[in-house]
Every structure is written in structure tokens, then in C-alpha cells.
Amino acid sequence: MTQRVAVIDYGMGNLHSVASALEHAGALEVTVTHDHAAISKADRVVFPGVGGIRDCMDAIRGLGCDQLLEQAITVERKPVLAICVGMQSLMTTSEENGGVVCLNQVPGEVTFFGSPHRASDGARLKVPHMGWNQVVQKRAHPLWAGIESGTHFYFVHSYHVVPNDPDLVVGTFDYGLSGCAALARDNVFATQFHPEKSHQAGLTLLKNFLSWDGTC
Amino acid sequence: MALAKRIIPCLDVDRGRVVKGVNFVGIRDAGDPVEIARRYNEEGADEITFLDITASHEERDTTVQTVEQIAREVFIPLTVGGGIRALQDIRTMLNAGADKVSINTAAIHDPDLVSAAAARFGSQCIVVAIDVKRVSEPESLPRYELFTHGGRKPTGIEAVSWAKKMAALGAGELLLTSMDRDGTRDGFELTITREITDSVDIPVIASGGVGTLQHLADGVTQGGADAVLAASIFHFGEYTVREAKQFMASKGIPMRL
């Protein structure tokens, strides 16, 4: 299977680490771009994201990346990996920045942890949820191949996604609540954690993505 | 199941070489930053912090290249600090492959830089470094103030209120260094660490003074830190990062092993 990967660049920050992690994981050709033709030629698409959701959504729409994603996900049905704010952008709305309408590719909300955010025993939890937390796999998925349930991945976020359909959740983290660490639907896999920053486990997940045919 | 506490080896880099001195004087050469970062990555470091301690404008290009090289092969979070004075400096470092930047003196001169940076790049990548010294007499109520220039220049700014202000302005994390302890190997200054971790909702990294593995554990259990940073105990091969993590786990601290 060819491994030409397009990383969608909507100008919101450093995508080199995503690109170099994909190369390290075995991608033959990684293009960081928002060019429609380049993305259309790619075999698979990575949709990363950092920063505030409002700026992200403005940039995504401003560059037509919403249509690109729509095309990749529902028309061309390519394997798509959305990361962090990329994942959040797929939802219907986000509470961040006073409320932002997102892409509604995956119906659901993006909600704040709360301030103060507390564990079930009353202990105060820092927000952002920053660092390495364990991801419990809720069901089998090709992208989990070779990764044990309970493996640590690197997270950094203050908002988390709640899909309307709980069956889409394929991995959870525990941080005062059971949050969605990863969700999957058909040819889309989305992670709240950063596989490109999650050392060996993250590289394994990216490698799995590169050989994934887009079915569950 | 819990969020793991982090061990962050720190590379203090002067003109392209990793160095570490006692109280920032008497500098020892510890080697090539890319090689050392690679080793820490393999040993299971949770993040790496790169502090450019020369940070003169002429040397900036060397730093950018080193950051690029590290980011190409180290797939854990990388924080870069030293000489970050403007939004453009932050952009340059993020583009070079840093995941976070650490702002120190510039935040004192221009606190609005922190809010502008958080608004532009997101709080998740804005670390504010706070260098403190105890200014009260030994038997009196402890008071800590911010110092600049490697601990030589007092600012008169009280540490806890400053930490709260930085959190309110949008810092995503605080890197707290005791300049009294830095390089002494006497352990973290736990009083101020605890006071600040209890005062803010954002994560706090404890730094300055680590000489033993017990010091690392104390930073978390007594200081309440979310992450602990150390340099010399790792650079000169006394302990590996893995040994440090195993030690902390043996003390009941949640770690990624």
C-alpha cells in the first residue's frame, strides 16, 4: 500500500513534528499542505491542530479545509487521522472561546473540564490536562495493534470531546471523569492525545495508521 | 489510572554545548545537546527542556538548528527557553519544532507578552519560568521574590502573586526554579514549590537543586509539583532517567514506566 500522507496545514502552528513522526513511522512521502490537489492525491490524510478553536475554525473555513475534509472523509473515503484540536474540530460545537460552531462531521460537543476541576476523591486537578495519561481501549481497532490497553499517551488540552454516540469511543482517559481519548467511525480515527509526541506508543499508532485500509 | 508525574531532563545550552554550573557559575561541559536529548528520549524521559543560556542574538541561529535536529528525532514534548522576548521568537521556536516555549525575563518586562502569546499560540505552549530567591531572614515568615540575570538581579516582585498573575494571563504551565538551590544538589526549595502549586490551577514544574532521586520524589510528594526538572544528575551519568522513574514509582508516585 502506498503511503503518501497529506498533513492538512491551516497555519495554526508547528506541523513539523507530526510530519517527522509520520516519516519516522515509515511514510514514504509526507506533504504539509492545504492545497486541494495535493490532498486529493494523497492516500491518507492527517488533520492536526493546536491553539484556540475559534482561530482554528476561522483558518479551516478561510482556507476551504472544511470542504477538503468533507471530500476526504465522505466522498473519497480515505483513512483520516485527526489529532487534538483536529479531533475537536470534527464535532458539532465547542464551549471554548464562548462557543464555536465546528464541522459536525461527528455529532457531539466539546466541553471544558471545569475550574476548579476535581477528582472523585475531591483532590484538585490541574487544567490543562497536561502530561502522560493511560488510555484504556474500549474496543479493538486496527490502530491499536501492538499497543496494550492502559498504555500512556501524551495529552495537553483543557476541553474534551463528548460524541453523541458513545459507541464511537474507542479509548478513554481518567481525569476526574472518563474522557474520550480516541474515537473511530468508519475511515476516521481521532485522538485527543498527541501520537507524534507519545514516544514509542505514538509511533506504533502512526505506523498502524499508515497501513490501515480505513475499515474498522 | 492517573495522570503520570513527569521527569524532565533539562539541557542548559551555551553556544551549542550542554553545560551545567553551580549557581550558574563554574560551568562544566556535558556534551552535544542532540546526542544527549536522544539518550534521554531512549531512557524514557517524559519531556525535554532546552534552555539557551547564552541567548545572544548572534547565537540564535545555532539554537534554532539544534532545536530542529532534536525535534526531528525525539518524539516527546520539547520546551525551549532562553531569550524569548517577542511573539516572533515564539513563532521561530515553534516552527523549529518546539512544542512549548518558556518565557522568563520578557514576562517581567512585558506581562502582556504572556497573554498575547497565549491568545496567538494557545496556552498549552506557553510556559512561564519563574526564578525565585528567598529574601526573608531565616527565622521570619518566608518571602520569595523574582530574580533575573541568573539570580543576580532582584526585581522586588513577590513570587506567589506573580505566579497567580501569570496563570490568569494565560500561561499553560509554570517552571519554578529556586536560584538559592540551583546547582547546589541540596534538593528543591519545597516551601515555595508547595505554596505556588497550591495557588494556581495550572501545572507546575519544580526545578533547582536536585542531587538525589529522593529529591525528585520530594518535589512531587512534598512540593506538590506536577513535574520535576533536573540536569546534572542525569548529564554526568549518576542516574539514568529510567532509574529515576523507577525510584519515584517505588514511592507510590504515578509514573509512565
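Thresholds, definitions, all that
- Residues numbered from 1 in each chain as written.
- Chains lettered and ligands numbered in written order.
- Predicted model: local features only at pLDDT ≥ 70, side-chain atom pairs only at ≥ 80, totals over all residues.
- Heavy atoms only, no water.
- Helix = DSSP H or I, 4+ residues; strand = E, 2+ residues; numbered from the N terminus.
- Rg over C-alpha atoms; globule rule 2.2 N^0.38 Å.
- Contact = heavy atoms within 4.5 Å.
- Areas by Shrake-Rupley, 256 points an atom, 1.4 Å probe, with all protein chains shown as cover.
- Lys, Arg positive; Asp, Glu negative; His and termini not counted.
- Charge placed at Lys NZ, Arg CZ, Asp CG, Glu CD.
- Buried < 20%, exposed > 50% of the residue type's maximum accessible area, 1.4 Å probe, protein only.
- Pairing = 2+ DSSP bridges.
- Axes fitted to C-alpha atoms, helices over the stretch in contact; angles between N-to-C directions.
- Arc of directions from axis to C-beta.
- Parallel < 35°, antiparallel > 145°, perpendicular 65-115°, else oblique.
- Left-handed = near helix turned anticlockwise from the far one by under 90°.
- Nonpolar A, V, L, I, M, F, W, Y, C, P; charged D, E, K, R; others polar.

Visitor: Before we go on, may I ask you to explain the overall build of chain B in this structure?
Guide: Scanning chain B from N- to C-terminus turns up 10 helices and 12 strands. On C-alpha atoms alone, chain B measures out to a radius of gyration of 17 Å, which is about the 18 Å that the 2.2 N^0.38 rule sets for 257 residues. Principal-axis analysis of the C-alpha atoms gives chain B an extent of 50 × 40 × 40 Å. Put simply, 65% of the contacts in chain B that link residues at least 6 apart link residues at least 24 apart. Total accessible area on chain B stands at roughly 9,700 Å², and carbon and sulfur atoms take up 48% of it. Positive and negative side-chain charges in chain B, numbering 28 and 36 respectively, have mean positions lying 1 Å apart.

Visitor: Got a minute to help me understand unusual backbone geometry in this structure?
Guide: The phi torsion of most residues other than glycine is negative, and most of the peptide bonds are trans. In this structure, A:Pro128 follows A:Val127 across a cis peptide bond, with omega equal to 10°. By the element assignment, A:Pro128 lies in the loop between β9 (124–125) and β10 (129–137). Unlike most non-glycine residues, A:Asn97 shows phi in positive territory, near 55°. Mapping A:Asn97 onto the fold places it in the loop between β5 (93–94) and β6 (100–101). Not every positive phi belongs to a glycine, and B:His149 is a case in point at roughly 55°.

Visitor: Help me out: how do you make sense of the environment of A:Met57 in this one?
Guide: Residue and element names in this part refer to chain A. In this structure, Met-57 sits in helix α3 (residues 53–62). Given a relative accessible area of 1%, Met-57 falls into the buried group. Spatially, the C-alpha atoms of Met-57 and Val-45 are 18 Å apart, while their sequence positions differ by 12 residues. Dropping the residues within four chain positions of it, Met-57 is found in contact with Ser-89, Val-100, Val-101, Cys-102 and Leu-103.

Visitor: Can you help me understand the sheet that holds strand β11 (residues 151–157) of chain A in this one?
Guide: Within a sheet, each strand pairs with its neighbour through backbone hydrogen bonds, oriented either parallel or antiparallel. Residues and elements named next belong to chain A. The strand order across the open sheet formed by 9 strands is β2-β1-β3-β4-β15-β14-β13-β10-β11, and the pairing between neighbours is mixed. Among the strands making up the open sheet, the edge pair consists of β2 (29–33) and β11. Put simply, the sheet's adjacent strands are angled 25° from each other on average, direction ignored. In this structure, β10 lies alongside strand β13 (residues 169–174), joined through 2 bridges in antiparallel fashion. Across the sheet, Gln-137 pairs through a bridge with Gly-171, a residue of β13. Packing against the sheet, helix α4 (residues 65–75) makes contact with β1 (4–8), β3 (44–47), β4 (80–83), β14 (178–185) and β15 (188–191), and its axis sits at approximately 135° to β4.

Visitor: Help me out: how do you make sense of the environment of B:Pro33 in this one?
Guide: Residues and elements named next belong to chain B. Structurally, Pro-33 is set in helix α1 (residues 33–43). As for Pro-33 and Gly-16, which are separated by 17 residues in sequence, their C-alpha atoms are 7.2 Å apart. Excluding residues within four positions of it along the chain, Pro-33 makes contact with Leu-11, Val-13, Gly-16, Arg-17, Val-18, Phe-50, Thr-66 and Ile-70.

Visitor: I would appreciate a short explanation of helix α3 (residues 87–96) of chain B in the present structure.
Guide: Spacing of three or four residues puts side chains on the same side of an α-helix, whose turn is 3.6 residues. Residue and element names in this part refer to chain B. Turning to α3, its buried residues number three or more, namely Asp-89, Ile-90, Met-93, Leu-94 and Ala-96. End-on view of α3: buried residues confined to an arc of 160°, all on one side of the axis. Positioned one or two residues after α3, Gly-97 has a phi angle of 120°, which is positive.

Visitor: Whenever I open this one, the packing of helix α8 (residues 213–221) of chain B against helix α10 (residues 241–250) of chain B confuses me. Can you help?
Guide: Helix-helix packing is characterised by the crossing angle of the two axes and by the distance between the axes. Residues and elements named next belong to chain B. Contact pair α8 / α10: the axes reach a minimum separation of 9 Å and the direction vectors enclose 55°. In terms of axis orientation, α8 runs oblique to α10. As for the relative orientation of α8 and α10, their crossing is right-handed in sense. Contact with α8, carried on its side by Leu-213, Gln-214, Leu-216, Ala-217 and Val-220, involves Glu-243, Ala-244, Phe-247 and Met-248 of α10 and no other residues of that element. Along the lines of polarity and charge, the residues of the contact of α8 with α10 split into 7 nonpolar, 1 polar and 1 charged.

Visitor: Looking at this structure, how should I read the side chain of A:His160?
Guide: Residue and element names in this part refer to chain A. Relative to the helices and strands, His-160 is located in strand β12 (residues 159–163). Owing to a relative accessible area of 7%, His-160 belongs among the buried residues under this scheme. Excluding residues that lie within four positions of it along the chain, His-160 makes contacts with Gln-88, Glu-109, Val-110, Thr-111, Phe-112, Phe-113, Phe-173, Leu-177 and Gln-192.

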